[in-house]
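One letter stands for each residue in the lines below.
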Amino acid sequence: MEINYVLNGRKIKAEISADDMLLGQLRAQKCFSVKCGCETTNCGLCTVWLDGVPVLSCAVPAARAEGHEITTLEGLQKEAREFAQFMAEEGSDQCGFCNPGYVMNVLAMARDLKNPTEKEICDYLSGNLCRCTGYTSHMRAIKKYLAFLKDKKAEEAGDKA
Amino acid sequence: MYSIKEYVIATTLEEAYNLNQKKTNRIIAGNMWLRLGNANIVNAIDLSKLGLNKIEENDEEFQLGCMVSLRQMELDEKLNDYTKNALRDCVKDIVGTQFRNSATVGGSIWGRFGFSDVLTCMLAMDTEVELYKAGRISLADFVNMKPDNDILVKVIIKKNDGKANYQALRNAATDFPVIACCAVKKSDGWSFSIGAKPTKAVRYTASLEDIQNNMDGTLDDILEKITFGTNTRASKEYRKAMAKVLLKRAIKNIETDGQEV
Ligand SMILES: Cc1cc2nc3c(=O)[nH]c(=O)nc-3n(C[C@H](O)[C@H](O)[C@H](O)COP(=O)(O)OP(=O)(O)OC[C@H]3O[C@@H](n4cnc5c(N)ncnc54)[C@H](O)[C@@H]3O)c2cc1C
Ligand code: FES
Ligand code: FES
């Protein structure tokens, strides 16, 4: 069957099988940031955005992309690089395997939640597993990144005034 | 892993229902559970374009379309104000945000899973399901029906003067619950549901007087009637002991408006 969707701002027309998952389709489009960690919806590594909402691409039928906008890490390079700097500074980038899905969900959270508490951050990210870090360095990086975004917003608002 | 020959996006419920009469065809909702099985599906019937992803409210009830995601349930303020956050509490530990953005209330209730937080929570409330052919029936009846070829269209939570509280115990955050309980207090009595026993949830009621004057004895009587089981997550003895703790905690939370645990 044929599907038409928008991938990172680009129109895509693709031929898929009825039982293809979005994950395989996105890799076929050379979005290699999208990886399979568990294939059982438990690890969060395959996270992408469907119309701006984070979902697990290992379980979303590719057919459901029809008419929708999909965003992967390839489409969020600027934000990802900004956040990655905080991760590097806090040592929360170890083997790096969990990063693509984790970064996608952190960026979704930064849009979704205003001034989240530590508990709200943990709750939002509980579906992203990391075998290396123990999550404390992640938390430091996230808090600093959110503070950076807040300052940036305030600066922009100041510039406008 | 399952296989699918044709992916059909249903344009009407009638079309979906007719297709679903064949054993080799299956409704596809969030797809989170379905894809883990090994069915050879001829037509996967997608309900996502039927406008069934809305939570609607009127004077008597909340109506949740079957394609409402668990995340929608978690974030809906009116629904959570009304249920005193019981619905939010019952889904908040299910895997993760991304998972809950896809998994649906229809798939959760239709599956009648033993481990289901959603089923356990809704069973203690005045909940009905609307089936395409069979019409409206109480969730308490639906839970004991054998899965057939009907379609679950809506889940309905009736409004009343009740207060609800949901409690679950997990060995690890985001794992399946080891035991789950929901309590609802109305002016005419209490209702309780106990799920993840590990088999599917059951519902019991008690009078206001019995809980007020003899809470331990009343809960012990209820728990005596329930068959708890042992699996790799927990023993039946542990489940039974914890069910009592969770029920008492839920009752206390309701009586104190969540001020004290
Ligand atoms: C890894 C994992 C962990 C989980 N952990 C928990 C947990 O801790 N607590 C919990 O409560 N739940 C848990 N669940 C269950 C989950 O929350 C959903 O209940 C489950 O995935 C089914 O919902 P779905 O929308 O994905 O349905 P699907 O997987 O699409 O469908 C499930 C079944 O229901 C049928 N179906 C779906 N919708 C309808 C309908 N409207 N009418 C008729 N038939 C229908 C389908 O044909 C299929 O047979 C877990 C699931 C997974 C995969
Ligand atoms: S690969 Fe999708 S959740 Fe692990
Ligand atoms: S850094 Fe290795 S799994 Fe997360």
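Trainee: Which residues make up the overall build of chain A, and what values go with them?
Mentor: Helix and strand content of chain A: 5 helices and 5 strands. Listed by position from the N terminus, the elements making up chain A come as β-β-α-β-β-β-α-α-α-α. The C-alpha atoms of chain A give 16 Å as radius of gyration, which agrees with the globular expectation for 161 residues (15 Å, within 12%). Viewed in the frame of its principal axes, chain A has a C-alpha envelope of about 50 × 40 × 25 Å. Taking all 161 residues of chain A together, the buried fraction comes to 47%. Of the contacts made within chain A by residues no fewer than 6 positions apart, 59% connect residues no fewer than 24 positions apart. Split by element, the accessible area of chain A, about 8200 Å² in all, is 52% carbon and sulfur. Side chains of chain A give 20 positive and 22 negative charges; the mean places of these two sets differ by 2 Å.

Trainee: Lay out the domain arrangement of chain A in plain terms, naming residues and giving numbers.
Mentor: All names here are of chain A. Considered domain by domain, chain A is made up of domain 1 (2–72) and domain 2 (77–160). For domain 1 and domain 2, the distance between their C-alpha centres works out to 22 Å. Contacts between the two partners involve 14 residues from domain 1 and, on the opposite side, 13 residues from domain 2. Both faces combined, the contact of domain 1 with domain 2 buries some 990 Å², and carbon together with sulfur accounts for 68% of it. When the buried area of domain 1 at its contact with domain 2 is split by residue, Leu-45, Thr-47 and Trp-49 rank highest and sum to 49% of it. Scanning the region where domain 1 abuts domain 2 turns up 0 salt bridges. Connecting domain 1 to domain 2 are 5 residue pairs in polar contact (both at pLDDT 80 or more). Considering each element in turn, the side of domain 1 that touches domain 2 owes the most residues, 3 residues, to strand β3 (residues 47–50). Classifying every residue of the side of domain 1 that touches domain 2 gives 6 nonpolar, 7 polar and 1 charged.

Trainee: Account for the site of ligand 1, with residues named and values stated.
Mentor: Within the structure, ligand 1 sits among 36 residues, and Ile-27, Leu-34, Thr-104, Ser-108 and Asp-117 of chain B are positioned closest to it. Two or more chains meet at ligand 1, and those chains are chains A and B. Within the contact set of ligand 1, an oxygen atom lies 2.6 Å away from a backbone nitrogen or oxygen of Ile-27 of chain B. Interatomic distance of 2.6 Å between a side-chain N/O atom of Thr-104 of chain B and an oxygen atom of ligand 1. Every element with two or more residues in the shell around ligand 1 is listed here: β2 (26–28), α6 (105–111) and α7 (117–124) of chain B. At 4 residues, the largest contribution of residues to the shell around ligand 1 is made by α6 of chain B. Its residues placed into classes, the shell around ligand 1 shows 21 nonpolar, 10 polar and 5 charged.

Definitions and limits used
- Residues numbered from 1 in each chain as written.
- Chains lettered and ligands numbered in written order.
- Predicted model: local features only at pLDDT ≥ 70, side-chain atom pairs only at ≥ 80, totals over all residues.
- Heavy atoms only, no water.
- Helix = DSSP H or I, 4+ residues; strand = E, 2+ residues; numbered from the N terminus.
- Rg over C-alpha atoms; globule rule 2.2 N^0.38 Å.
- Buried < 20%, exposed > 50% of the residue type's maximum accessible area, 1.4 Å probe, protein only.
- Contact = heavy atoms within 4.5 Å.
- Areas by Shrake-Rupley, 256 points an atom, 1.4 Å probe, with all protein chains shown as cover.
- Lys, Arg positive; Asp, Glu negative; His and termini not counted.
- Charge placed at Lys NZ, Arg CZ, Asp CG, Glu CD.
- Domains from an automatic or database assignment.
- Buried area = accessible area lost by both parts, 1.4 Å probe.
- Salt bridge = Lys/Arg side-chain N within 4 Å of Asp/Glu carboxyl O.
- Polar contact = N/O pair within 3.5 Å; in protein donor to acceptor, adjacent residues only side chain to side chain.
- Nonpolar A, V, L, I, M, F, W, Y, C, P; charged D, E, K, R; others polar.
- Near = heavy atom within 4 Å.

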